[in-house]
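Read off the chains here:
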Amino acid sequence: QVQLVESGGGLVQAGGSLRLSCAASGGTVNTYAMAWFRQAPGKEREFVAAISWSGGMTSFADSVKGRFTISRDNAKNTVYLRMNSLKPEDTAVYYCAAARFAGVAPTTKYPYWGQGTQVTVSS
């Protein structure tokens, strides 16, 4: 089983940047596709970004396209979400997720989840 731990959240002013990290352990992490989701207060969880197990494909929600970048460092068993030009509407708890040998299709089911890290963007 894979364990996921997010970090890097915090308070930032609109227009600023943050980099979230998701450290994975307990499995053959380099075979797992990784994704980021977020959930704002009173809202449903929504997809943010994904990277395939090979690292060769990425996908982004329209709301973050052009502002966020997802990457992975398999040597460190870590996936990153670089968030630039942050907006107040990006405020949410961000969750890391993993699925073995997955791509970036929106139908992907993620059996492994982290506990989340809070991102707050002030206006």
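Higher on the page you've got the structure.
Residues numbered from 1 in each chain as written. Predicted model: local features only at pLDDT ≥ 70, side-chain atom pairs only at ≥ 80, totals over all residues. Heavy atoms only, no water.

Undergrad: Please give an account of the sheet that holds strand S3 (residues 18–25) that cites residues and values.
TA: In spatial order, the strands read S1-S3-S8-S7; together these four strands make up an open sheet with antiparallel pairing. Of all strands in the sheet, those bounded by a partner on one side alone are strand S1 (3–7) and strand S7 (68–73). Adjacent strand axes in the sheet meet at a mean angle of 15°, parallel and antiparallel pairs treated alike. Sheet analysis places S3 next to strand S8 (residues 78–83), joined by six bridges and oriented antiparallel. Of the residues in S8, the one forming a bridge with Cys22 is Val79. (Pairing = 2+ DSSP bridges. Helix = DSSP H or I, 4+ residues; strand = E, 2+ residues; numbered from the N terminus. Axes fitted to C-alpha atoms, helices over the stretch in contact; angles between N-to-C directions.)

Undergrad: Let's hear about the side chain of Arg38: which residues, and what values?
TA: Residue placement: Arg38 occurs in strand S4 (residues 32–39). Residue classification places Arg38 among the buried residues on the basis of a relative accessible area of 4%. Here Glu46 takes part through its side chain, which lies 2.7 Å from a polar atom of the side chain of Arg38. Here Asp90 takes part through its side chain, which lies 2.9 Å from a polar atom of the side chain of Arg38. Arg38 has contacts with Glu44, Arg45, Glu46, Val48, Ser63, Val64, Phe68, Glu89, Asp90, Ala92, Val93 and Tyr94, leaving out every residue within four places of it along the chain. (Buried < 20%, exposed > 50% of the residue type's maximum accessible area, 1.4 Å probe, protein only. Polar contact = N/O pair within 3.5 Å; in protein donor to acceptor, adjacent residues only side chain to side chain. Contact = heavy atoms within 4.5 Å.)

Undergrad: How would you summarise unusual backbone geometry if you had to cite specific residues and measurements?
TA: A positive phi angle, near 55°, is found at Asn77, a position not held by glycine. Relative to the helices and strands, Asn77 resides in the loop between S7 and S8. For Asn77, a relative accessible area of 33% gives the class partly exposed. In this model, Ser85 sits at a positive phi of 50°, which is unusual for a non-glycine residue. Here Ser85 is to be found in the loop between S8 and strand S9 (92–100). Residue classification places Ser85 among the partly exposed residues on the basis of a relative accessible area of 40%.

Undergrad: Tell me about the state of the cysteines, and name the residues and values.
TA: The final tally for this structure, using the stated rule, is one disulfide. The disulfide partner of Cys22 is Cys96, and the S-S distance across this bridge is 2.1 Å. Negative torsions about the S-S bond denote left-handed disulfides, and the value of about -85° found for Cys22 with Cys96 makes this one left-handed. A residue pair is termed long-range when its members are at least 10 positions apart, and Cys22 in strand S3 and Cys96 in strand S9 qualify at 74 residues. Accessibility assignment for this pair places Cys22 and Cys96 in one class, buried. (Disulfide = S-S within 2.5 Å.)

These values are about where atoms sit, not about what they do.
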